[in-house]
Amino acid sequence: MPRGVIPDEGVLLVGGTFDPPHRAHVELARRARDRRRAGAGLVFVPAARSPHKSSGPLASDSERAAMLELAIESVEHAGVWTDEIDRAASGEPSYWIDTLERARSLVGDAWLGFVLGADQAVAFDRWREARRILKLAEPLVLLREPWGSAEVLLGAMRDAWSDAELERWASWCVDVGTMDVSATEIRALLRDDRENARLESLLSPGVLGFIRERGLYRADAERKGGGWGRSVGLGGRRRSKKKR
C-alpha cells in the first residue's frame, strides 16, 4: 500500500484511467469514503491498458501516476498504487479480481472496499468472478442518473441477482451527488484552447501545471484514447465496462 495509508483503518480503492485525473475523481471518492468509512485510506489505482480494448490512455503510465499524486496532495490518508500498471508491464492482463486479491493480501483482515459507478453496477454480473469480488471487498456504489436512486438501480439489476443479493446491493449504495466534469471535455479544451479559464475549475493547479509543462493532450501529440463520461459519479474505467 502507498505511504500515508494505514491498512488497519481500512482501505477504499478507486480505479480508473485518470486521463487526466480531475476534481470529480478525487472529490466524489473522498465523499464516499468520509460518508461510509471515515478514516480509511483512499487508494487510487490507475488502470493498465484493458485486455478487451485496442486503444489506451493518451498520457503515459508514469504521467498518469504523477498527475494522480498531484491531484490528491491535499487529501488526507490518500495514495496512488500502481499495481495494475506494474503487472501489465510484465505481460499480465489487468483484471479487478486480481487487484483485489493482491490488496486483500496486503491489508489482512482490515476493511477493504472499492468505488463503483452505478453504470458499472448494472453490468457487474459480467465482470470476471463477480461474486468472488464481493467476498473480497465491499463496493460503494455511487448513484447517478439514469440510476439516481437505489430502487431504480436495483430494478435494472434484477435479472442478474437474487433478492438476497439485491438487498446487499441496496446497502452498498451511497448518494454523493455528481459533478459536471468530463475527461473528454478536458482533453478537448487542452487540445483546442489550453488557456481556457474553465480548466482551472476542472483540474487541480498541480495537475494543470503538469499538463501544460509537459505539453500533454496537445493536438500535435494526441493519440487515440478514452476517458470517463460527463457528470461522473465515478463511473468510467472501469473501467469502461470491461469484464473485470
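Notes on the structure in this doc start here.

Reading the values: the criteria
- Residues numbered from 1 in each chain as written.
- Predicted model: local features only at pLDDT ≥ 70, side-chain atom pairs only at ≥ 80, totals over all residues.
- Heavy atoms only, no water.
- Helix = DSSP H or I, 4+ residues; strand = E, 2+ residues; numbered from the N terminus.
- Buried < 20%, exposed > 50% of the residue type's maximum accessible area, 1.4 Å probe, protein only.
- Contact = heavy atoms within 4.5 Å.
- Areas by Shrake-Rupley, 256 points an atom, 1.4 Å probe, with all protein chains shown as cover.
- Phe/Tyr/Trp six-rings, centres within 6.5 Å; stacked < 30°, edge-to-face > 60°.
- Lys NZ or Arg CZ within 6 Å of the ring centre and 35° of its normal.
- Lys, Arg positive; Asp, Glu negative; His and termini not counted.
- Salt bridge = Lys/Arg side-chain N within 4 Å of Asp/Glu carboxyl O.
- Polar contact = N/O pair within 3.5 Å; in protein donor to acceptor, adjacent residues only side chain to side chain.
- Expected span 1.5 Å × (residues − 1).
- Arc of directions from axis to C-beta.
- Pairing = 2+ DSSP bridges.
- Axes fitted to C-alpha atoms, helices over the stretch in contact; angles between N-to-C directions.

### Digging into the overall build of the chain
- If you tally the helices and strands in the chain, you get 11 helices and six strands.
- Per-residue burial for the chain yields a buried fraction of 53% across its 244 residues.
- Within the chain, residue pairs in contact and separated by at least 24 positions form 76% of the contacts whose partners lie at least 6 positions apart.
- Just so you have it, the chain exposes about 10700 Å², and 44% of that area is on carbon and sulfur atoms.

### A look at the packing of aromatic side chains
- Applying the stated criterion across every chain yields a total of eight aromatic pairs.
- Taking the centre distance of 5.9 Å and the plane angle of 70 degrees together, the rings of W96 and F114 count as edge-to-face. In this pair, W96 sits in helix α4 (residues 96–107) while F114 sits in strand β4 (residues 112–117), placing the two residues 18 residues apart along the sequence. Note on accessibility: W96 and F114 belong to one class, buried.
- On the numbers, 4.7 Å between centres and 40 degrees between planes, the contact of F124 with W127 is tilted. Taken as a pair, F124 and W127 share a single burial class, namely buried.
- Three or more aromatic residues joined by ring pairs form one cluster here, namely W96, F114, F124, W127, W161, W169 and W172.
- The ring of Y95 has R128 sitting right over it, with the charged end atom 4.2 Å from the ring centre.

### Examining the side chain of E63
- In this structure, E63 sits in helix α2 (residues 61–71).
- For the buried E63, no salt bridge is present, and the opposite-charge side chain at shortest range is R214, 4.3 Å distant.
- In this structure the side chain of E63 is engaged in a polar contact, spanning 2.8 Å, whose partner is the backbone nitrogen of S60.

### Some thoughts on α4
- End to end, α4 covers 16 Å across 12 residues, agreeing with the expected 16 Å (1.5 Å per residue, within 8%).
- Taken together, the buried positions of α4 are W96, I97, T99, L100, A103 and V107. Down the axis, α4 shows its buried residues gathered within 155 degrees of arc, on one side only.
- Buried residues along α4 sit against β1 (11–16), β2 (41–46), α3 (83–89), β4 and α6 (130–136).

### Structural notes on the environment of E151
- Considering the arrangement of structural elements, one finds E151 in helix α7 (residues 150–157).
- Here E151 falls in the exposed class, since its relative accessible area comes to 69%.
- Separated by 19 residues in sequence, E151 and A170 have C-alpha atoms that sit 7.9 Å apart.

### Remarks on the sheet that holds strand β6 (residues 173–174)
- Sheet architecture is open: six strands sit in the order β3-β2-β1-β4-β5-β6, paired in parallel fashion. In this open sheet, the two strands that pair with only one neighbour each are β3 (78–80) and β6.
- By the bridge criterion, six bridges tie β1 to β2 in an arrangement that is parallel. Across the sheet, residue V11 finds its bridge partner in β2, namely G41.
- Most of the contacts of α4 go to β4, to which it runs at about 150 degrees, and overall it touches β1, β2 and β4.
- Against the sheet, helix α8 (residues 163–172) engages β4, β5 (138–142) and β6, with an angle of about 65 degrees to β5.

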